[in-house]
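# Notes for the structure review
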Amino acid sequence: MAKVMTIRGEVTGDELGIVDYHEHLCFDAPGWLLREDRDFRLNDVEKSAAELRTWAQAGGKTLIEMSAIDFGRNIHKVKQVVERVPDVHIIVITGFNKPYFCDRWVWETDEAELVKRCIRDIAEGIDGTDMKAGVMKGGSGYNTFNAYDKKLMRIAATVHNETGVPIITHTEAGTMGFEQVDYLASNGVEPRRVCLSHLDRNPDFWEHRRIAETGAYLGYDCPGKVKYGPDELRNNVLKRLIDAGFGKQILLGNDLGRPSYWRSYGGGPGLDFVLTKFIPRLRDEGVSERAIEDMLVHNPCRFLTDGE
Ligand SMILES: [Zn+2]
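Report follows, based on the coordinates.

## Some words on the environment of D20
Here D20 lies in strand 3 (residues 19-23). For D20, a count of 27 C-beta atoms within 10 Å corresponds to the buried category. Measuring from C-alpha to C-alpha, the distance between D20 and P300 comes to 8.4 Å, with 280 residues separating the pair along the chain. Each residue touching D20, except ones within four places of it in the same chain, is listed here: G60, L63, I64, G253, N254 and V274.

## A few points about the pairing of strand 2 (residues 9-12)
When strand 1 (residues 3-6) meets strand 2, the two strands line up antiparallel, connected through four bridges. Within the sheet, the bridge partner assigned to T6 lies in strand 2 and is G9. Hairpin geometry of strand 1 and strand 2 is characterised by an intervening segment of two residues between the two adjacent antiparallel strands.

## Points about the packing of helix 8 (residues 205-212) against helix 9 (residues 231-243)
Relative orientation of the contacting elements helix 8 and helix 9 amounts to 40 degrees, with a least axis distance of 10 Å. Comparing their axes, helix 9 and helix 8 come out oblique. Helix-helix and strand crossings are classified by hand; for helix 8 and helix 9 the assignment is right-handed. For the pair helix 8 and helix 9, contact is made by F205, H208, R209 and A212 and by V237, R240 and L241, respectively. A per-class count over the contact of helix 8 with helix 9 returns four nonpolar, one polar and two charged.

## So, unusual backbone geometry
A cis amide bond, omega 20 degrees, links G268 with the succeeding residue P269. By secondary structure assignment, the location of P269 is in the loop between strand 10 (250-252) and helix 10 (273-284). A positive phi is found at A173, a non-glycine position, where the angle reads about 55 degrees. Topologically, A173 is positioned in the loop between strand 7 (167-170) and helix 7 (177-186). A count of 13 C-beta atoms within 10 Å places A173 in the partly exposed class.

## So, the nonpolar core
Residues V78, V92, V194 and C195 are the most contacted members of the largest nonpolar core, which totals 88 residues. Excluding residues that lie within four positions of it along the chain, V194 makes contacts with I167, T169, V181, L184, V189, A216 and Y217.

## Here we look at the packing of helix 6 (residues 147-163) against helix 7
Relative to each other, helix 6 and helix 7 sit at 50 degrees, their axes nearing to 9 Å. Here helix 6 is positioned oblique relative to helix 7, judged by the angle of their axes. In the packing of helix 6 onto helix 7, the handedness of the crossing is right-handed. Of helix 7, the residues touching helix 6 (which contributes K150, M153 and A157) are Q180, Y183 and L184.

Rules used throughout
- Residues numbered from 1 in each chain as written.
- Predicted model: local features only at pLDDT ≥ 70, side-chain atom pairs only at ≥ 80, totals over all residues.
- Helix = DSSP H or I, 4+ residues; strand = E, 2+ residues; numbered from the N terminus.
- Buried ≥ 20, exposed ≤ 12 C-beta atoms within 10 Å, placed from the backbone.
- Contact = placed C-beta atoms within 7 Å.
- Pairing = 2+ DSSP bridges.
- Axes fitted to C-alpha atoms, helices over the stretch in contact; angles between N-to-C directions.
- Parallel < 35°, antiparallel > 145°, perpendicular 65-115°, else oblique.
- Left-handed = near helix turned anticlockwise from the far one by under 90°.
- Nonpolar A, V, L, I, M, F, W, Y, C, P; charged D, E, K, R; others polar.
- Core = buried A, V, L, I, M, F, W, Y, C linked by C-beta atoms within 7 Å.

Now the structure itself:
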């Protein structure tokens, strides 16, 4: 069976268990961003570890830490969090989130240089450590697919083609997902190696189905974030996708990248929301045990191991 790289080394697909495909555990958001929005200060090792423990107690086993280079990824702090909750597997990433977050140096640096930097994170280790990235990230802005968006997506494609690690993208409010898959494919990436984040920000069945028809994975990661619309909307699309035969292409996460989302920082719904509240609700709404197990266990395993 193909191996998956975690912060503590490789594990096999059957060791992954229940996966949360998109989270942020501990990172140092850029200074300018914090001045704009203090609610990105998710950087307290003890509080993050306490919250991660509640998720592990709810049955969580593997979590993908999606903080990218431009979002203030801090491998040392993530390591400290994991040391306090040693029974979970954490996959860390490389790459860039979206043009809006990127510093000037990303635009001033040659593309080949940026590719090299990401490959080093995957092949040798991140920021001088021996902890390696297991996923590549790219992303685009709200309803845009301009030269900046394309640069980040091309870097993701090249890094994937050279290393084989899967790509998880950022979509802004669930827009431009189809365009991302199409552009990655034209740069040599098989859609089945791509997962699009935040699609449930735009709970639109027609749009999700045409993305699913490419073979790409659909990331749902906004359960409980009512400010982005009630769970009823995402569940209606989710159920229609499952009924239409695309249940094996959905990954679940919660993308709780703000302290106001974490109980240990004084907010909510908390990192265990998907497992303790959202899944029971799906059951209550008639989603089968088999479909739930696909989304939590089998789909992420197939995505991360390329089906092996
Ligand atoms: Zn995120």
